[in-house]
Each structure stands twice: as C-alpha cells, then as structure tokens.
Amino acid sequence: MTQQPPHTEAAVLLSRYRQVRGRSLNLIEGLTPEDCQLQSIAEASPLKWHLAHTSWFFETFILAALAQPPAPFDPAFKVLFNSYYVGVGDRHARPERGMLSRPTLEQVLAYRCHVDQHMQQALAAADMPAEQVALVELGLNHEQQHQELMLTDLKHHFSRNPLFPAWRKTGDDQRAGSGATAERLHCNGGLVDIGHAGRGFCYDNELPRHRVWLEPFSLASRNVTNGEYLAFIRDGGYQRSELWLSDGWDQVCSEGWHAPLYWQHHDAGWQVFTLHGLQPLNEDATLSHVSFYEADAYARWAGARLPTEAEWEYAASEEQRLEGLFDEVWQWCNSAYLPYPGFQPAAGAVGEYNGKFMINQMVLRGGSLATPTGHSRASYRNFFPAWARWQFSGVRLAWDSV
C-alpha cells in the first residue's frame, strides 16, 4: 500500500474532525436550551454538558499540550466539564450536572467554536507530533461515544415528561430486522484469537490480542424481538423468581419492573416511548432497553443463555449470516468487564479512560441504531452495570453445542 504523504493525512484528519464535531451540533437541531439542560437521572447527563465536555477533552489533552497553547476559554470549565479524570484535577459532581444553568447553552456553543478554531489551526499546520495525533483520534472516538449518549440520555429525559415530546417527528427508534426466523448458527470454536487486530483505531481495552479456547456453541442469527419478549412477559417472566439471578430478582422487586424500560400498557395494548414520541409497540422490532438481568432471565426462560464476549467476537468475525450486529442494539454478553491478559492502560490521565472501570460492569458487544456509522467493530467492548436499561441494549441468544 502506498503511504500517504503527511500533509494528506493531516487533511483527512482535519476533515474528519469537522465532520464529527458537526454531527454533535446536528443532534441538538430543533431543541430548546431548556431541552439541553435536563438531567433525569444521575447516570444521564444534560446535552449541554456533553457538548462542553467533548470540547473540554480537546482543550485539555490537545490544545494545552501545544508548544504555544491558547489561553483557556474559561478557567472554571476545567472543573465543570471534567468527567472522571482524577489526574486532571477536581470535578463537578456527576448527579448535579443538571444544576449548571450557567454557563448557558449559548456560552457552551461559543466554547465549542473557540476550541474548534484552535484545533483546526493546529491540524492544518500538519506538524502535530504522532502522539498528539493519536490523542486527536481518541478525542474524535470519544465524541462519537458521547453522541450516542446524547440520544440515549435525551430519550430518558423526555420520557419523564408526561407530554412525551419527540426529538424528531419520524425515525426508526423501533428498528425491525429482516423478519426471518432466528436460526441457531453453529460455531466450532477451538483456539481462537480475540482482540483488535490490524491497523485502525481501537481503545486500549481491546488489547492485547490474545488466544482463547472456545467449546463448540451456537449463536442466534438475529436479535430477540419485542414480540418474543412479550411472550416472556405473558408467561409471568417478571413474577417467576426461578428465572432470575439473585441480584436481578432484588432489582425486579425493589424497582417494580414488569416490562422493559419505556414500555407502557394501556387499554388499547402496549405502547413504547421512542425518540419520536409515544408509539404502539411494534412486535417485529428488535427488543431494546433491557438490563443484563432481564436479558439473562429471558435467555433462561427461552432455554438458552447469553454468549460470552469471546464467543460473540469470534462469531461476528467469522459468520456472515448474523443480522443486526452493529445497527440495532448493543448485545449483552455473559462476561464481566475485565482486562485482557497483559493489558496496560495508556500513560497519563487518558489511562483513566477504560481501565479503572474494570469492576462491577458487564460487557455489551456490537452497536445500536444510535451508534455513529463506522464507530463500532467486532472487537469493540462496551460496558455497563448489570441493572442499566437506558441504553439501546438487547439480547442475542446462545446455546451450548455437543
């Protein structure tokens, strides 16, 4: 392969920077400053905060490291929009991000313009050190993660409003697959390689690539649908303790769970809140917004299990007949989020990006309809607590093969 000259690589990176940053602004088109201020739960941040934090990342890790760094837009932002980087300094409490009525959305957008102006100047110069270029790529992928969070968080914020506002009038929040009957696709397993391989960006938690032994197994050709999960509900799935892990049953009882998040039952039948308002439940659409506990209970009820993340990655890399891997829902795996053998976090504060969260989390694989195009890959490791439901998370079944 012919190597691109440095100035061409810089131009590509600059173009990508503009595209990614522009999409974040596209996501708030049609929303009011009040919409961008909401914080419905501690785990979901206001859209205004996402817009500021992603700019903070570039200002903190890229611009501040330049030979002649620009003056900070506002020194107070160093604390207000730091998420969890202890090595950078103090942080504003996550559950209180919605209380930040100041700075205003207008000021946050001005902050983005300030950061973009200086970032584009730095990228256009085409003399950025390789380690800083790598941080720019990390920052762009970081912003894409937050773009997905902007949609999942806004959906939760709006769901708490009895007017059930819509982000957009139409869309495919209830995305249906091909409608084909789910097949059990056999995988031989054996000694397989897992983890990121080849060129291109990956997060540190996808490394190092290593070998894993897999017994033969089968994986469903598609994700579970709303209609299939509805059968679980009608069979008393939320009332049968024998189907649930102990912590999951405690969650069902304490939280009063009786259906996936955003499902509502009325005289006319089931409805579901979407990014496009309240809609009749589409039984053919892919199931979404279930916790690991619900995914595990459904799998047990269905006479199946959840795949391990190694099984999922191996099948996703080898099997061509798998539907909905990256564009419907994140798929829960029966794997704790732990470091790969030989894992080493990156040096400095960015080393806090993934490694310190490798406790009390479960892995999800794939991608969802809210994931930016091209952001995910077979080795991508998403992770959330077992009780989390506000993400676009669903179920793909697995079975032991003999």
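Note that the structure is a prediction, hence the values are computed from the model and not measured.

Q: Which residues make up the domain arrangement of the protein chain, and what are the values?
A: Looking at the assigned domains, one finds that the protein chain contains domain 1 (9–160) and domain 2 (184–400). Opposite the 28 residues of domain 1 that make contact, domain 2 presents 26 residues. Of the roughly 2400 Å² buried between domain 1 and domain 2, counting both surfaces, carbon and sulfur atoms make up 67%. Contact with domain 2 buries area across many residues of domain 1, yet Y84, E148 and K155 alone supply 29% of it, more than any other trio. The interface formed by domain 1 and domain 2 contains zero salt bridges. Between the two partners, domain 1 and domain 2, sit 17 residue pairs in polar contact (both at pLDDT 80 or more).

Q: How would you sum up the pairing of strand β9 (residues 362–366)? Please name residues and give values.
A: Of all five residues making up β9, five are buried, and the element is well covered by its neighbours. Direction of pairing for strand β8 (residues 330–336) relative to β9: antiparallel, over a ladder of four bridges. Looking at the pairing, W332 lines up with L364 of β9. Where β9 and strand β10 (residues 382–384) come together, three bridges link them in antiparallel fashion. In the strand pairing of β10, M362 is matched with F384.

Q: Just give me the short version of helix α8 (residues 292–301), but keep the residues and values in it.
A: Of all 10 residues in α8, eight are buried; the element is thus mostly enclosed. Residues of α8 that are buried make contact with α6 (226–234), α7 (246–255), β8 and β9. Looking one or two residues beyond α8, the residue adopting positive phi is G303, at roughly 75 degrees.

Q: Residues and numbers for the packing of aromatic side chains, please.
A: Summed over the entire model, instances satisfying the criterion amount to 36 aromatic pairs. Residues Y84 and Y85 carry aromatic rings whose centres are separated by 4.8 Å and whose planes lie at 25 degrees to one another, so their mutual orientation is stacked. One aromatic cluster in this structure is built from Y17, W56, F57, F58, F61, Y84, Y85, Y337, F357 and F383. Above the ring of W49, the side-chain terminus of R97 is found at 3.6 Å from the ring centroid. Over the ring of W167 we find R168; its NZ or CZ atom is 4.0 Å from the centre of that ring.

Q: So, the side chain of Q331: which residues are in play, and what are the values?
A: With respect to the element layout, Q331 can be found in strand β8. A polar contact of 2.8 Å, which involves the side chain of Q331, links it to the side chain of W312. A polar atom in the side chain of Q331 sits 2.9 Å from the backbone oxygen of L325. Setting aside residues up to four positions removed in sequence, Q331 forms contacts with N223, W312, G324, L325, V363, L364, R365, G366, G367, G394 and R396.

Q: Let's hear about the UniProt feature "domain: DinB-like" (unreviewed entry) in the protein chain: which residues, and what values?
A: In the numbering used here, UniProt assigns the "domain: DinB-like" (unreviewed entry) feature to residues 17–148. End C-alpha atoms of residues 17–148 are separated by 17 Å, and the span's content is 52% helix alongside 0% strand.

Q: Help me get a handle on the packing of helix α2 (residues 47–61) against helix α5 (residues 130–159), residues and values and all.
A: It is the contact of α2 with α5, at a shortest axis distance of 9 Å, that shows an interaxial angle of 170 degrees. In terms of orientation, α2 and α5 fall into the roughly antiparallel class. Class assignment for the residues of the contact of α2 with α5 results in 13 nonpolar, eight polar and two charged.

Q: I'd like to hear about the layout of surface pockets, residue by residue, with values.
A: Looking at the largest pocket, its volume works out to about 790 Å³. Lining the largest pocket are 31 residues, and of these Y84, R94, L149, F383 and F384 lie nearest its centre. Mapped by element, the contributors of at least two residues to the lining of the largest pocket are α2, α5 and β10. With six residues, α5 is the largest single contributor of residues to the lining of the largest pocket. Formed jointly, the lining of the largest pocket draws a minimum of three residues from each of two domains, domain 1 (9–160) and domain 2 (184–400).

Q: Kindly report on the sheet that holds strand β11 (residues 393–394), identifying the contributing residues and their values.
A: Strand order in this open sheet of four strands is β10-β9-β8-β11, and the pairing throughout is mixed. Strand pairing shows two members of the sheet lacking a second neighbour, β10 and β11, which therefore form its edges.

Q: For the sheet that holds strand β7 (residues 277–280), give the residues involved together with the corresponding values.
A: Spatially, β5-β6-β7 is the arrangement adopted by the three strands of the open sheet, whose pairing is antiparallel. Of all the strands in the sheet, just β5 (263–266) and β7 have a single pairing partner and so form its edges. Across the sheet, the mean angle separating the axes of adjacent strands is 35 degrees when strand polarity is ignored. Here β5 runs beside strand β6 (residues 269–274); their pairing, made up of four bridges, is antiparallel. Bridging from a neighbouring strand, W263 pairs with V272 of β6. Contacts from α6 reach β5 and β6 within the one sheet, and its direction differs from that of β5 by about 65 degrees.

How each quantity is defined
Residues numbered from 1 in each chain as written. Predicted model: local features only at pLDDT ≥ 70, side-chain atom pairs only at ≥ 80, totals over all residues. Heavy atoms only, no water. Domains from an automatic or database assignment. Contact = heavy atoms within 4.5 Å. Buried area = accessible area lost by both parts, 1.4 Å probe. Salt bridge = Lys/Arg side-chain N within 4 Å of Asp/Glu carboxyl O. Polar contact = N/O pair within 3.5 Å; in protein donor to acceptor, adjacent residues only side chain to side chain. Buried < 20%, exposed > 50% of the residue type's maximum accessible area, 1.4 Å probe, protein only. Helix = DSSP H or I, 4+ residues; strand = E, 2+ residues; numbered from the N terminus. Pairing = 2+ DSSP bridges. Phe/Tyr/Trp six-rings, centres within 6.5 Å; stacked < 30°, edge-to-face > 60°. Lys NZ or Arg CZ within 6 Å of the ring centre and 35° of its normal. UniProt positions renumbered as here; feature names shortened; annotations may be inferred. Axes fitted to C-alpha atoms, helices over the stretch in contact; angles between N-to-C directions. Parallel < 35°, antiparallel > 145°, perpendicular 65-115°, else oblique. Nonpolar A, V, L, I, M, F, W, Y, C, P; charged D, E, K, R; others polar. 1 Å grid on protein atoms, 1.4 Å probe; cavity = no way out; pocket = protein on both sides within 12 Å on 5 of 7 lines; lining within 4 Å. Points joined across faces, edges and corners; volume = space filled by probe spheres on them.

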